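Per-entry structural report
Spelled out from the first residue to the last, the chains are:
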Amino acid sequence: MVASDASLASAAGVEILKAGGNAVDAAVATGFALAVTYPEAGNLGGGGYMVIRMADGRVAALDYREMAPLAATRDMYIGPDGKVTGESLIGPKASGVPGAVAGMVEAHRKFGALPLARVLAPAIRLASQGFPVDSALARSISNAKYRIENYPGKAVFFPNDAAPPVASRFVQPALAHTIQLIADSGAAAFYRGSIADTIAAQMQRDGGLITKEDLARYRPDWREPLRSTYRGYSLISMPPSSSGGTTITETLNILEAYGPAARFGSAERVHAVASASQRAFIDRNSKLGDPAFVQVPLDKLTSKSYARELRKTIASDKATPTPQLERTITEGMHTTHYSVVDGGGNAVATTTTINNGYGSGVYLTGPGFFMNDEMDDFAAQPGKPNMFGLVQGEANAIAPGKRMLSAMSPTIVLDPQGKLLLVVGAAGGPRIITATSQVILNVIQNHMTLADAMRAPRLHHQALPDTLRFESAGLTPAVVDSLRAMGWGIVSTGSVANVNAIMRTPGGLVGVTEPRDRGPSRAVGH
Ligand code: DON
């Protein structure tokens with residue numbers, strides 16, 4: 001089963017499963033197919049993380065996050081007036097060195113069963129023969145006009161000054177050619193060959209920083225997966241350079257220190273979950289960064305004893321203020337998570353992104369894809385909020401060759417017998433962490449089915465801004481009153497993240513894609 005944001009990409013993964021591929025083959029097929037069919041977030045020009053658990057017990061975590069180019073400097077996004085410029089978000093300077101192709105090819109090299117060319121065939125077909133544009137894609141492209149139209153992608157995405165019409169066929173021959181080159185020659189085609197030449201040349205022409213040297217030295221990193229437990233269940237998640245696994249672990253450890261859990265929807269439960277998230281984000285925002293550059297106190301942050309100490313700082317009837325700092329959060333769901341489980345029980349959780357929808361807006365005409373604007377995930381000015389309102393510190397300051405801290409949280413959960421239970425993760429910036437934690441909590445602590453766990457109203461707290469956000473209509477007015485009385489700055493918000501998950505049940509695998517997002521389920525099984 002594959003649960004992704006695009007049914008054609010899920011179907012590409014299932015095609016590979018049917019052809020005898022394993023979950024990693026299917027994940028790679030889905031990833032490349034997302035780059036074709038879900039261009040707002042699926043990508044070759046971004047990066048991501050993959051958590052793998054094979055049925056024989058092997059686990060792995062692959063970090064293929066972008067890296068700052070060698071020419072990047074700490075203050076590159078601070079203007080002469082001392083304020084951050086918009087250049088980390090749009091245009092050629094916003095991009096980190098892409099890791100997506102290196103990562104997916106490396107995952108396939110280590111764990112795949114079918115030849116790479118077979119695994120990439122569905123994506124090549126979707127790009128060369130095209131696929132029908134649905135209303136969601138047409139709308140998404142239209143809404144991103146302001147990002148895309150100033151760069152060469154205008155010709156492809158706004159052919160007659162309008163997004164491709166619904167039900168027309170969207171064909172991407174340049175992208176098909178690029179994926180074919182990767183199928184023929186592996187990641188080298190992208191990082192050293194003709195694609196690298198084109199990326200570097202277009203970057204140099206338009207004022208971007210990425211050079212051939214940056215591309216040639218890019219490497220994905222296999223990391224020790226983060227292992228933790230919650231009430232007898234085991235989590236396998238992503239360590240830094242993502243903050244996802246660490247922050248989920250810290251949140252759940254604090255909640256475990258509570259003893260029996262409060263009823264879903266009650267003020268007690270909201271207070272506990274928000275207070276735990278707030279504390280975990282305070283650590284995230286100040287202490288986490290690329291482990292190649294900063295010493296991350298991972299053992300402490302993920303320990304049960306530290307969580308018990310933090311638990312003691314939560315009063316039963318009062319919110320604790322995070323020192324104030326105002327900034328609104330920009331909405332947007334432009335990352336993409338996909339979960340895959342094959343018939344043998346191998347499982348893969350992958351999250352990938354180009355940050356904003358359509359990344360930096362910069363489309364590379366020759367290779368046919370968008371570049372990321374991941375540089376905004378750094379603290380462009382430590383202590384000042386980024387696009388997501390995250391206030392981060394020196395640990396996540398910009399440095400050449402450094403990976404920007406991420407919230408992406410691909411996670412695999414095992415039941416107390418050590419059998420696969422849940423494959424989960426999300427899009428939604430920092431809300432990825434809270435939404436993924438809450439789906440896990442809903443399943444383990446509140447004994448919900450996956451469908452209920454996904455639909456259940458979510459909340460979000462990221463320390464700063466010091467606001468408890470809850471999905472509109474997610475809490476009863478009486479509970480909102482109680483939380484206000486406890487001192488929570490509480491506001492209702494649109495949807496908290498975009499989760500795609502698969503759960504093993506006695507009746508078989510259940511795949512649920514985000515019910516708040518477009519259309520019917522995009523999970524496909526066979
Ligand atoms: O890696 C991160 O944490 C962000 N670049 C994720 C961005 C995201 O989820 C965009 N959608 N809201």
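Structure's up top.
Residues numbered from 1 in each chain as written. Predicted model: local features only at pLDDT ≥ 70, side-chain atom pairs only at ≥ 80, totals over all residues. Heavy atoms only, no water.

For the rest of this paragraph, the subject is the environment of threonine 229. Assignment of secondary structure puts threonine 229 in strand E7 (residues 226–230). In this structure threonine 229 comes out as partly exposed when scored by relative accessible area, which is 37%. Expressed as a C-alpha distance, the spacing of threonine 229 and lysine 304, which sit 75 residues apart in the sequence, is 9.4 Å. Beyond its immediate stretch of four places on either side in the chain, threonine 229 contacts Ser234, Asn253, Glu256 and Lys304. (Helix = DSSP H or I, 4+ residues; strand = E, 2+ residues; numbered from the N terminus. Buried < 20%, exposed > 50% of the residue type's maximum accessible area, 1.4 Å probe, protein only. Contact = heavy atoms within 4.5 Å.)

This paragraph deals with the sheet that holds E7. Here 6 strands make up an open sheet; going across it, the order is E7-E8-E13-E14-E20-E21 and the pairing antiparallel. The open sheet has two edge strands, E7 and strand E21 (508–512), and neither has a second partner. When the angles between neighbouring strand axes are averaged without regard to direction, this sheet yields 20°. Relative to strand E20 (residues 501–505), strand E14 (residues 420–424) runs antiparallel, the two sharing 2 bridges. Following the sheet pairing, valine 423 is matched in E20 by isoleucine 502. The strands touched by helix H12 (residues 244–256) within the sheet are E7, strand E8 (233–237) and strand E13 (411–414), with E7 carrying the most contacts at an inclination of about 20°. (Pairing = 2+ DSSP bridges. Axes fitted to C-alpha atoms, helices over the stretch in contact; angles between N-to-C directions.)

As a further point, take the side chain of histidine 461. Following the sequence through the fold, histidine 461 ends up in the loop between strand E16 (459–460) and strand E17 (468–471). Given a relative accessible area of 0%, histidine 461 falls into the buried group. In this structure the side chain of histidine 461 is engaged in a polar contact, spanning 3.0 Å, whose partner is the backbone nitrogen of alanine 463. At a separation of 3.1 Å, a polar atom in the side chain of histidine 461 contacts the side chain of aspartate 466. (Polar contact = N/O pair within 3.5 Å; in protein donor to acceptor, adjacent residues only side chain to side chain.)

What follows is about the packing of aromatic side chains. Across all of its chains, the model carries 11 aromatic pairs by this definition. Considering the side-chain rings of phenylalanine 131 and phenylalanine 170, the 6.1 Å spacing of their centres and the 90° angle between planes classify their relative orientation as edge-to-face. Residue phenylalanine 131 is found in strand E4 (residues 131–132), and its partner phenylalanine 170 is found in strand E5 (residues 169–170); the two are separated by 39 residues along the sequence. Neither residue differs from the other here; phenylalanine 131 and phenylalanine 170 are each classed as buried. Centre to centre, the rings of phenylalanine 157 and tyrosine 363 are 5.7 Å apart; their planes meet at 80°, and the pair counts as edge-to-face. Residue phenylalanine 157 is located in helix H7 (residues 154–157), and its partner tyrosine 363 is located in strand E11 (residues 363–364); the two are separated by 206 residues in the primary sequence. A relative accessible area of 1% means that phenylalanine 157 is categorised as buried. One aromatic cluster is present, built from ring pairs that chain together Phe131, Phe157, Phe170, Tyr358, Tyr363 and Phe370. When the ring centre of phenylalanine 158 is taken as origin, the NZ or CZ atom of lysine 145, which lies over that ring, is 5.7 Å away. (Phe/Tyr/Trp six-rings, centres within 6.5 Å; stacked < 30°, edge-to-face > 60°. Lys NZ or Arg CZ within 6 Å of the ring centre and 35° of its normal.)

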